[in-house]
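Descriptive analysis of the structure
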Amino acid sequence: MDNDGKFIGTPQKASTHVSQDERLIFEQSSPGKKAYKLPALDVPAVDAKVLLGEAAREDLGLMPEVSEIEIIRHYTRLSTWNYAIDLGMYPLGSCTMKYNPRVNEVVSRLEGIADAHPYQPVELSQGSLNIMQLLSECLMEITGMDAITLQPAAGAHGEFTGILLVRAYHESLGNPRRKILIPDSAHGTNPATAAVCGYQVQNLKSNPQGMVDLEELEKLVDDDTAALMLTNPSTIGVFESEIHKIADILHAKGALLYMDGANMNALVGKTRPGDFGVDVMHLNLHKTFSTPHGGGGPGSGPVACKKILEPFLPTPVLCTREDGTLGFEFNRPQTVGRVRAFYGNFGMFVRALAYILANGPDGLRQTTEDAVLNANYLRAKLEGIFELPYKTATLHEVVFSDRAQARNGIKTGDMAKRMIDYGFHPYTVSFPMIVAGAMMIEPTESESRQELDLLVDALKQIAREAEENPQLVLDAPHTTRVSRMDETAAARKPVLRWKAPALATPLQPDTAAKEW
Ligand SMILES: *Cc1c(COP(=O)(O)O)cnc(C)c1O
């Protein structure tokens, strides 16, 4: 819609735009308004100074004073300016933004689970430990690995933990080695992880199919190579069909194979990294196993490994004690140490386990097949409209290039912004790096054919606009509160909270402060 509420182009879906009152909550403030009503005091009043000493505030500063309905409308309005998986499709490739089933939320809010405290004695935490044990067993079965830690708080943290294990393993053999190989298609967190763990990153060029070039690999692996970090399926959604050979080449030189498991949504129930030579990997519970993510919420990045790496796992390690109950083992001489407070993001474990148990083995396999089917449906419908640089078989995500549209000056980022006007979250822009002007689309299994068709229609329409009315795309989005932002300033000088403007006259204690 433009500012008068007219649609520009022909969006297929209603946008989430709310064109009403934009007044800020601070401008609605007037002294004495309150959004609460407290019962009359039935105990003697105590001066805040007596209770809190120096910490007691003289005044409440410039806090807005508003009524209940004003504050409710303020936050509800803000929530409608955002986008969410509960509003529509989120085809953000590499992120696996699947639907988070509500049953996960119901289970995670059960009293005994939600109110458990990490300082509770182990004897009173057997239920929680059982959840962690059962989840560990499920994840080891799914990945084909021998041991696991649930501690890491997200994918990148899992990578860090996994490479610490690799380092500790090589150190135990007398030499930590110096290099880690990383394909040029890798997620940026991979080279960052290697560097943070003290390794030199050696770039591994992909072959014309976008896969690991075995000859190149053979040339680069030597006695100083600690590991290869490999995403499988890769960031262009392609399965490394020669992964066994890749593992053999590494193992022949004493190097290990680390698998970035963020793309497990394409493998669960079909094949297992442990069976194709992987030594250590992380999982993103907040991608593959439907725990909420985005907006910086809690993630979870368990690390699963083979027997040879087990002695190095972070402590404490979940174990079965002599009396058959569960507990934690702290005494592990070769451990890399703790990587997180307590035991990890427990609420995510509950949600992931609920998801795994609700689906069961057949359901999980079906999920994988549907995710791959959906990505291939989009590939078939959009090939020809957008250039497809890699023709290799697609698994759970498909990467197009903006090359055809770039001839008219329309780049991947412009089309992504125009998608917002059609009611969709943008796809992933300009990643992976091996595709110029990448448009990376991952529909996940959550979407119906009708929804996929709406996405196809929107993207086709945008491609048409790129030819016939490029300015419309260049100026998008038209339906949001703000349109194009200064992305550099947003990253470099973020304004993350409201601050009171400097006051000309000293603040007088206001009504609220006096009452208090
Ligand atoms: C998402 C992702 C990561 C990082 O995971 P976070 O949980 O965001 O830290 C690493 N590698 C790949 C391929 C990913 O898609």
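Okay, so let's go over this structure. (Residues numbered from 1 in each chain as written. Predicted model: local features only at pLDDT ≥ 70, side-chain atom pairs only at ≥ 80, totals over all residues. Heavy atoms only, no water.)

Points about the pattern of salt bridges
Taken as a whole, this structure holds 24 salt bridges when the rule is applied. The residue Lys33 makes a salt bridge to Glu70 at a minimum N-O spacing of 2.9 Å. Taken together, the positions of Lys33 in the segment before helix 1 (48–52) and Glu70 in helix 2 (residues 68–80) put the pair 37 residues apart, joining distant regions of the chain. According to the relative accessible area criterion, Lys33 is partly exposed, its value standing at 29%. Across the salt bridge formed by Asp222 and Lys179, the nearest N and O atoms sit 3.1 Å from each other. Of this pair, Asp222 sits in the loop between helix 8 (214–220) and strand 4 (225–231) while Lys179 sits in strand 2 (residues 179–183); the two residues are 43 residues apart in sequence, bridging distant segments of the chain. Take Asp222: its relative accessible area is 31%, and that puts it in the partly exposed class. Taken together, the shared-partner salt bridges connect Glu105, Arg109 and Arg351 into one network. (Salt bridge = Lys/Arg side-chain N within 4 Å of Asp/Glu carboxyl O. Helix = DSSP H or I, 4+ residues; strand = E, 2+ residues; numbered from the N terminus. Buried < 20%, exposed > 50% of the residue type's maximum accessible area, 1.4 Å probe, protein only.)

Section: the packing of helix 5 (residues 126–143) against helix 11 (residues 346–382)
Relative orientation of the contacting elements helix 5 and helix 11 amounts to 45°, with a least axis distance of 9 Å. Relative to helix 11, helix 5 is oriented oblique. Classified by chirality, the crossing of helix 11 by helix 5 is left-handed. Between helix 5 and helix 11, the contacting residues are Ser128, Ile131, Met132, Leu134, Leu135, Cys138, Leu139 and Ile142 on the first element and Phe346, Phe349, Val350, Ala352, Leu353, Ile356, Leu357 and Leu364 on the second. When grouped by side-chain class, the residues that make up the contact of helix 5 with helix 11 number 15 nonpolar, one polar and no charged. (Axes fitted to C-alpha atoms, helices over the stretch in contact; angles between N-to-C directions. Parallel < 35°, antiparallel > 145°, perpendicular 65-115°, else oblique. Left-handed = near helix turned anticlockwise from the far one by under 90°. Contact = heavy atoms within 4.5 Å. Nonpolar A, V, L, I, M, F, W, Y, C, P; charged D, E, K, R; others polar.)

A few points about the environment of His157
Looking at the secondary structure, you find His157 in helix 6 (residues 155–172). By relative accessible area, His157 is classed as partly exposed at 21%. Look past the residues within four positions of His157 in its chain and what remains in contact with it is Pro152, Val339 and Arg340. Here the side chain of His157 touches Ala153 through a polar contact of 2.9 Å, landing on its backbone nitrogen. (Polar contact = N/O pair within 3.5 Å; in protein donor to acceptor, adjacent residues only side chain to side chain.)

Quick word on the side chain of Glu240
Position of Glu240 relative to the elements: it lies in the loop between strand 4 and helix 9 (243–252). Within the buried core, Glu240 has no salt-bridge partner, and the shortest N-O distance to an opposite charge, that of Lys245, equals 11 Å. (Lys, Arg positive; Asp, Glu negative; His and termini not counted.)

A closer look at the packing of helix 6 against helix 7 (residues 189–196)
Remark: helix 6 packs on helix 7, axes separated minimally by 9 Å, with the N-to-C direction vectors making an angle of 40°. Here helix 6 is positioned oblique relative to helix 7, judged by the angle of their axes. In the packing of helix 6 onto helix 7, the handedness of the crossing is right-handed. Counted together, Ala156, Glu159, Phe160 and Ile163 of helix 6 and Thr189, Asn190, Thr193 and Val196 of helix 7 form the full contact between these two elements. Here the contact of helix 6 with helix 7 is composed, by residue class, of four nonpolar, three polar and one charged.

Regarding the pairing of strand 2
Burial runs high along strand 2: five of the five residues are buried. Burial along strand 2 is two-sided: the residues Lys179, Leu181 and Pro183 and Ile180 and Ile182 are all buried. Alignment of strand 2 against strand 3 (residues 200–204), held across five bridges, turns out to be parallel. Counterpart to Leu181 in the pairing with strand 3 is Gln202. At this point the chain moves from strand 2, through helix 7, to the parallel strand 3, and the crossover so formed is right-handed. Across three bridges, the pairing between strand 2 and strand 4 is parallel. Across the sheet, residue Ile180 finds its bridge partner in strand 4, namely Ala227. (Pairing = 2+ DSSP bridges. Right-handed = clockwise from strand over helix to strand, strands pointing away.)

Considering the sheet that holds strand 11 (residues 428–429)
If you trace the three strands from one edge of the open sheet to the other, you get 10-12-11, paired in antiparallel fashion. Bordering the open sheet on either side are strand 10 (398–401) and strand 11, each of which pairs with just one other strand. With two bridges connecting them, strand 11 and strand 12 (residues 438–441) associate as antiparallel partners. Within strand 12, the position partnered with Val429 by the bridge is Met439. Relative to strand 10, helix 11 is tilted by about 25°, and along the sheet it contacts strand 10 and strand 12.

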